[in-house]
Number of protein chains: 2
Amino acid sequence: MSLYTIAQASEEVDLTPYTLRYYEKEGLLPNVTKDSAGRRKYHDDDLQRIGFIKCLKGTGMSLKQIKEYGDLYEKGKAKFKERNAMLEEHREKILQEIKIQKKYLKMVEAKIEMKI
Amino acid sequence: MSLYTIAQASEEVDLTPYTLRYYEKEGLLPNVTKDSAGRRKYHDDDLQRIGFIKCLKGTGMSLKQIKEYGDLYEKGKAKFKERNAMLEEHREKILQEIKIQKKYLKMVEAKIEMKI
DNA sequence: TCTTGACTTAGAGTTAACTTTAACTGTTAG
DNA sequence: CTAACAGTTAAAGTTAACTCTAAGTCAAGA
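**Student:** Is there a simple way to think about helix H5 (residues 80–114) of chain A in this case?
**Tutor:** With 35 residues, H5(A) ought to run about 51 Å at 1.5 Å a step, and its terminal C-alpha atoms sit 51 Å apart, in line with that. Immediately downstream of H5(A), the backbone of A:Lys115 shows phi near 55°, a positive value.

Shown next as structure tokens:
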């Protein structure tokens, strides 16, 4: 299959239809097409894009910044440098965050072991 | 030093005075005392507690749940089992989250390398 | 043909976690 | 003594990210 209704796409990416429409309204999904009756049709490309949005969001990037990244993406090669710079900066942020999570994990484990 | 004004505590734990008062209002800091003029005095215990609140919050626990944990903590030994069960469950959540973060990190790195 | 159900929109409502405001009080430096 | 300052409270305001409602459209099955 290569085309999805909003319900199917929703199922596929594990986001509600509300959220998918919201993301589109916010400009994060500029390429979702509609059929003759005005209903959204999601392509595999859209699902992949949503997958990457979830990745960025899941690592703490705001929708506003994700839109900025997406806007650069739409401009293609011309904005490649800027776009990759964003990703590289974000990569550092994720690495930092993993470090912090590991530190916090140790704190929780210490508290568990403390038995007080 | 062993006693801190709200400004000093704020500095120490890197949270605004607003946030410290907010946490207290929400019942997360039940042991903050006041001086004769009604001003908050933070003890080392309070700062430690705030530190652990930051740990729980930083690993995705809601203030509501953190309060539940704190309430169990206040009940001492009687609620030790429940309390530790919460922490052990949370530990699993953190481990899961670190896994997801690592997966997302790889996705971002792949995108960087993709150069498209 | 009628109804059911999945969709559409614009806009309102919700939630968590702060953050600020307004009005006030007590302490301290000049 | 007084002005500035650091704190106090209750309550209102803010923000991000949804989430839902209301009113309507369209296509497909009995």
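**Student:** Would you explain the protein's contact with DNA strand D in this entry?
**Tutor:** With respect to spatial proximity, 17 residues lie near DNA strand D, and among them A:Tyr23, A:Lys57, B:Arg21, B:Lys34 and B:Arg40 are the closest. Sugar and phosphate atoms represent 77% of those atoms of DNA strand D found within 4 Å of the protein. A:Tyr23 is positioned with one of its side-chain polar atoms (N or O) 2.6 Å from a phosphate oxygen of DNA strand D. Here B:Arg40 contributes a side-chain N or O atom positioned 2.7 Å from a phosphate oxygen of DNA strand D. The set of elements that each furnish at least two residues to the surface near DNA strand D consists of helix H2 (17–25) of chain A together with helix H1 (6–13) of chain B. Element by element, the count of residues in the surface near DNA strand D is highest for H2(A), at four residues.

**Student:** Explain a negative patch on the surface to me, please; I cannot follow it from the model alone.
**Tutor:** Residues and elements named next belong to chain A. Negative charge collects at one region of the surface, where Glu-11, Glu-12, Asp-14, Asp-44 and Asp-45 lie side by side. When contributions to the negative patch are tallied by element, the ones reaching two or more residues are helix H1 (6–13) and helix H3 (44–58). One can find Asp-14 in the loop between H1 and H2.

Cut-offs and rules
Counting restarts for each chain, with residues numbered from 1 along the sequence as it is written. Chain letters start at A and ligand numbers start at 1, both assigned in the order the entries are written. With the structure being a predicted model, the display of local features is reserved for residues of pLDDT at least 70 and the display and counting of side-chain atom pairs for 80 or more, all residues being used for whole-chain, interface and lining totals. Excluding hydrogens and water, the side-chain figures rest on all heavy atoms present in the structure. Only DSSP runs of H or I covering at least 4 residues are called helices, and only runs of E covering at least 2 are called strands; the numbering of each starts at the N terminus. What a helix should span is 1.5 Å times the count of its residues minus one. For this purpose, a residue is taken to be near a molecule or strand whenever a single non-hydrogen atom of the residue falls within 4 Å of it. Nitrogen and oxygen atoms within 3.5 Å of one another constitute a polar contact, given that in protein one can donate a hydrogen and the other can accept it, and given that sequence-neighbouring residues count only through two side-chain atoms. Patch membership requires more than 30% relative accessible area and the absence of a salt bridge. Residues of like charge join within 9 Å; the nonpolar side chains Val, Leu, Ile, Met, Phe, Trp and Tyr join within 5 Å. Where accessible areas are quoted, they stem from the Shrake-Rupley method and a 1.4 Å probe; at the residue level, only the protein chains shown are allowed to cover. Salt bridges are defined by distance alone: a side-chain nitrogen of Lys or Arg within 4 Å of a carboxyl oxygen of Asp or Glu. His is not counted, nor are the chain ends; Lys and Arg add positive charge and Asp and Glu add negative charge. Each charge is placed at NZ for Lys, CZ for Arg, CG for Asp and CD for Glu.

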